[in-house]
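Single-letter residue listing:
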Amino acid sequence: MTTDLPRGTASAPRLGGAALLSDEAMIRAAIDAAAAADGRDVPVGAVVFDADGRELARAANAREATGDPTAHAEVLALRAAAQVMGDGWRLEGATLAVTLEPCTMCAGALVLARVGKLVFGAWEPKTGAVGSLWDVVRDRRLNHRPQVRGVVLESECAALLDDFFKSQRP
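Caption draft 1: Layout of helix 1 (residues 23-34). If you check helix 1, its first and last C-alpha atoms are 17 Å apart, about what 12 residues at 1.5 Å a residue would give, namely 16 Å. All of the buried residues in helix 1 are Asp23, Met26, Ile27, Ala29, Ala30, Ile31, Ala33 and Ala34. The inward-facing, buried residues of helix 1 contact strand 2 (45-49), strand 3 (55-60), strand 4 (95-100), strand 5 (117-122), strand 6 (147-150) and helix 5 (154-168).

Written as structure tokens, this is what we have:
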């Protein structure tokens with residue numbers, strides 16, 4: 001089951017060819033990216049696609065592996081995509097696909113990067129900032145609001161987390 005969340009603004013950036021790439025295909029790429037997470041890190045994957053649907057960057061959570069509290073998959077993928085695009089920090093028209101609803105830091109980062117669309121897999125009721133706990137991406141006080149589509153391949157994305165946390169318990 002998928003849920004189309006309310007669209008940010010009527011003047012949201014055109015997504016060009018990325019719209020031709022299905023949301024499910026983008027989340028499958030994020031699931032593949034999650035597989036690269038160090039065994040100590042929560043397996044969250046993120047992939048950034050440009051407006052033509054080309055993959056710019058992918059990353060998995062690396063907080064434990066790097067000792068960096070900001071090394072969430074989304075932040076790492078956004079940083080790498082900005083370097084690839086070569087237009088400073090703006091990722092206008094890009095789509096960020098991530099296996100888990102972004103936290104406040106990651107939601108803020110994608111808003112500040114001017115990402116055109118966010119697609120995510122599973123809800124994160126404890127820290128989610130795209131509708132669960134907060135709704136950073138649709139806060140009308142901010143100057144950018146991306147399009148959002150949530151719960152795409154939700155059961156597959158949730159299974160990544162369930163399997164990880166089951167393996168962490170003695």
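Caption draft 2: Highlighting the confidence of the model for the protein chain. With 89% of its residues at a pLDDT of 70 or more, the protein chain shows a mean pLDDT of 90. Predicted confidence is poor over residues 1-16, with pLDDT under 50, and the contacts of this stretch with residues over four places away or in other chains come to 38 contacts.

Caption draft 3: Expanded view of the pattern of salt bridges. In total, this model carries 10 salt bridges according to the counting rule given. When the shortest N-O distance is used, the salt bridge between Arg28 and Glu156 registers 2.9 Å. Taken together, the positions of Arg28 in helix 1 and Glu156 in helix 5 put the pair 128 residues apart, joining distant regions of the chain. Using a relative accessible area of 35% as the deciding quantity, one classes Glu156 as partly exposed. Residue Asp139 is joined to Arg141 by a salt bridge in which the shortest nitrogen-to-oxygen separation is 2.6 Å. Within this structure, Asp23, Glu24, Lys117 and Arg149 form a network of salt bridges that share partners.

Caption draft 4: Local environment of the side chain of Asp41. Tracing the chain through its elements places Asp41 in the loop between helix 1 and strand 2. Among buried Asp, Glu, Lys and Arg side chains, Asp41 stands out as unpaired, with Arg63 the closest opposite charge at 5.2 Å. There is a polar contact of 3.0 Å between the side chain of Asp41 and the backbone nitrogen of Arg63. Apart from residues lying up to four places away in sequence, Asp41 is in contact with Asn61, Ala62, Arg63, Glu64, Ala65 and Phe164.

Caption draft 5: How the structure looks around the packing of helix 3 (residues 73-85) against helix 4 (residues 104-112). For the pair helix 3 and helix 4, the least separation of the axes is 9 Å and the interaxial angle reads 20°. What the angle tells us is that helix 3 and helix 4 run roughly parallel. Seen from above, helix 3 lies across helix 4 with left-handed handedness. Counting all contacts with helix 3, which are made through Glu74, Val75 and Leu78, the residues of helix 4 involved are Met105, Cys106, Ala109 and Leu110.

Caption draft 6: Representation of helix 5. Taking 1.5 Å per residue, 15 residues should reach 21 Å; helix 5 reaches 22 Å between its end C-alpha atoms and fits that length. For helix 5, every residue scored as buried is listed here: Cys157, Leu161 and Phe164. Buried positions in helix 5, seen along its axis, are confined to an arc of 60° and lie on one side of it. Turned more than 90 degrees away from the buried face of helix 5 sit Ser155, Asp163, Lys166 and Ser167, all of them exposed.

Caption draft 7: Representation of the packing of aromatic side chains within the structure. Using the criterion set out here, one finds two aromatic pairs in the structure. Relative to Trp123, the ring of Phe120 has its centre 5.1 Å away and its plane inclined at 70°; by these criteria the two rings are edge-to-face. Ring plane angle 80° and centroid distance 5.0 Å describe the contact between Phe164 and Phe165, whose orientation is recorded as edge-to-face. Residue classification places Phe164 among the buried positions, given a relative accessible area of 10%. Taking the relative accessible area as the measure of exposure, Phe165 reaches 37% and is therefore partly exposed.

The rules behind each value
- Residues numbered from 1 in each chain as written.
- Predicted model: local features only at pLDDT ≥ 70, side-chain atom pairs only at ≥ 80, totals over all residues.
- Heavy atoms only, no water.
- Helix = DSSP H or I, 4+ residues; strand = E, 2+ residues; numbered from the N terminus.
- Expected span 1.5 Å × (residues − 1).
- Buried < 20%, exposed > 50% of the residue type's maximum accessible area, 1.4 Å probe, protein only.
- Contact = heavy atoms within 4.5 Å.
- pLDDT = per-residue confidence, 0-100.
- Salt bridge = Lys/Arg side-chain N within 4 Å of Asp/Glu carboxyl O.
- Lys, Arg positive; Asp, Glu negative; His and termini not counted.
- Polar contact = N/O pair within 3.5 Å; in protein donor to acceptor, adjacent residues only side chain to side chain.
- Axes fitted to C-alpha atoms, helices over the stretch in contact; angles between N-to-C directions.
- Parallel < 35°, antiparallel > 145°, perpendicular 65-115°, else oblique.
- Left-handed = near helix turned anticlockwise from the far one by under 90°.
- Arc of directions from axis to C-beta.
- Phe/Tyr/Trp six-rings, centres within 6.5 Å; stacked < 30°, edge-to-face > 60°.

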